[in-house]
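Chain and residue survey
Listed below are the residues making up each chain.
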Amino acid sequence: MKQSENVKMLTVLGICLIGVIILFVVMSNGIRPSLDTPAPDNKNSHDESRVNNEEHEMQTIVATIGEKKFTIQLANTEAAKEFAAATPFELEMSELNGNEKYYRGETLPTAAYDVGAIHAGDLMLYEDDCIVLFYQDFKTTYRYTKLGKIVNPDGLAEAVGSGNVNVIFTKQ
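As a starting point, this report considers the structure included with it. (Residues numbered from 1 in each chain as written. Predicted model: local features only at pLDDT ≥ 70, side-chain atom pairs only at ≥ 80, totals over all residues. Heavy atoms only, no water.)

1. A closer look at the overall build of the chain
Of regular secondary structure, the chain possesses 4 helices and 11 strands. Out of the 172 residues belonging to the chain, those deemed buried represent 29%. Across the chain, contacts joining residues at least 24 apart in sequence account for 61% of those joining residues at least 6 apart. For the chain, the accessible area works out to roughly 11400 Å², and carbon and sulfur atoms hold 56% of it. (Helix = DSSP H or I, 4+ residues; strand = E, 2+ residues; numbered from the N terminus. Buried < 20%, exposed > 50% of the residue type's maximum accessible area, 1.4 Å probe, protein only. Contact = heavy atoms within 4.5 Å. Areas by Shrake-Rupley, 256 points an atom, 1.4 Å probe, with all protein chains shown as cover.)

2. So, the packing of aromatic side chains
On inspection of all chains with the given rule, the structure shows 7 aromatic pairs. Relative to Phe-89, the ring of Phe-83 has its centre 5.2 Å away and its plane inclined at 90°; by these criteria the two rings are edge-to-face. For Phe-83, a relative accessible area of 2% gives the class buried. Centre to centre, the rings of Tyr-126 and Tyr-144 are 5.7 Å apart; their planes meet at 55°, and the pair counts as tilted. Taken together, the residues span a long stretch of sequence, with Tyr-126 in strand S7 (residues 122-126) and Tyr-144 in strand S10 (residues 143-150) at a distance of 18 residues. When its relative accessible area of 22% is taken as the criterion, Tyr-126 is described as partly exposed. Assessed through its relative accessible area of 4%, Tyr-144 is described here as buried. In this structure an aromatic cluster arises from ring pairing among Tyr-126, Phe-134, Phe-138, Tyr-142 and Tyr-144. (Phe/Tyr/Trp six-rings, centres within 6.5 Å; stacked < 30°, edge-to-face > 60°.)

3. Here we look at the pattern of salt bridges
Scanning all chains against the criterion turns up 6 salt bridges. For Lys-81, the salt bridge identified is with Glu-78, shortest N-O distance 3.3 Å. With a gap of 3 residues between them, Lys-81 and Glu-78 both fall in helix H3 (residues 78-85), about one helical turn apart. Assessed through its relative accessible area of 35%, Lys-81 is described here as partly exposed. Look at Glu-78 and you get partly exposed, because its relative accessible area is 46%. Arg-104 is the partner of Asp-129 in a salt bridge, and the nearest nitrogen-oxygen pair spans 2.5 Å. In this pair, Asp-129 is assigned in the loop between S7 and strand S8 (130-134) and Arg-104 in strand S4 (residues 100-104), connecting sequence segments 25 residues apart. Given a relative accessible area of 18%, Asp-129 falls into the buried group. Linked by salt bridges that have partners in common, Arg-104, Glu-127 and Asp-129 make up one network. (Salt bridge = Lys/Arg side-chain N within 4 Å of Asp/Glu carboxyl O.)

4. Regarding the environment of Tyr-102
Take Tyr-102: it is sitting in strand S4. The exposure class of Tyr-102 is partly exposed, given its relative accessible area of 26%. Discounting chain neighbours no more than four positions away, the residues touching Tyr-102 are Glu-92, Met-93, Ser-94, Glu-95, Leu-96, Cys-130, Ile-131 and Val-132.

5. Considerations on the pairing of strand S3 (residues 89-96)
By the bridge criterion, 5 bridges tie S3 to strand S11 (residues 165-171) in an arrangement that is antiparallel. Pairing of Glu-92 across the sheet is with Asn-166, part of S11. Sheet analysis places S3 next to S4, joined by 3 bridges and oriented antiparallel. In the strand pairing of S4, Glu-95 is matched with Lys-101. Hairpin connection of S3 to S4: 3 residues between the antiparallel strands, including Asn-97 at a positive phi of 65°. (Pairing = 2+ DSSP bridges.)

By themselves, these observations are geometric and do not establish any function.
Pasting the structure below:
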């Protein structure tokens with residue numbers, strides 16, 4: 001090889017290396033916005049996403065237990081969306097621990113987290129196939145995926161009673 005060809009090849013390799021370094025720096029800075037660069041105006045997309053979240057947060061279904069109806073405000077989870085989409089349906093829920101009714105059935109997507117405390121009216125998913133309706137407050141170390149919460153749980157414990165209970169879930 002001639003010396004001039006070596007110089008050309010080294011020059012091309014050097015330019016490529018500089019290009020890779022610049023690309024790396026640009027990508028790294030793209031992850032963390034610069035302090036002196038104004039943030040893009042995403043007001044419209046932010047407002048649309050807020051409206052969509054509010055619409056979902058306002059989505060409710062009804063749980064009918066005997067003659068009593070309870071409005072459930074759904075959580076913003078995939079499990080809650082699938083649960084609501086399946087309504088109307090009736091579940092025979094079994095008693096457990098004097099504070100909850102449960103039903104094991106079809107699987108739903110999970111996003112379990114340590115809830116710390118359960119409140120009367122919480123509707124949760126345990127593991128991926130156990131729908132749980134709580135009618136007493138208590139602390140817990142178990143992990144659940146949130147499905148929703150009864151807006152006003154007054155009278156829930158009386159409605160579910162001490163044994164198994166049929167609960168009809170419908171769209172509002």
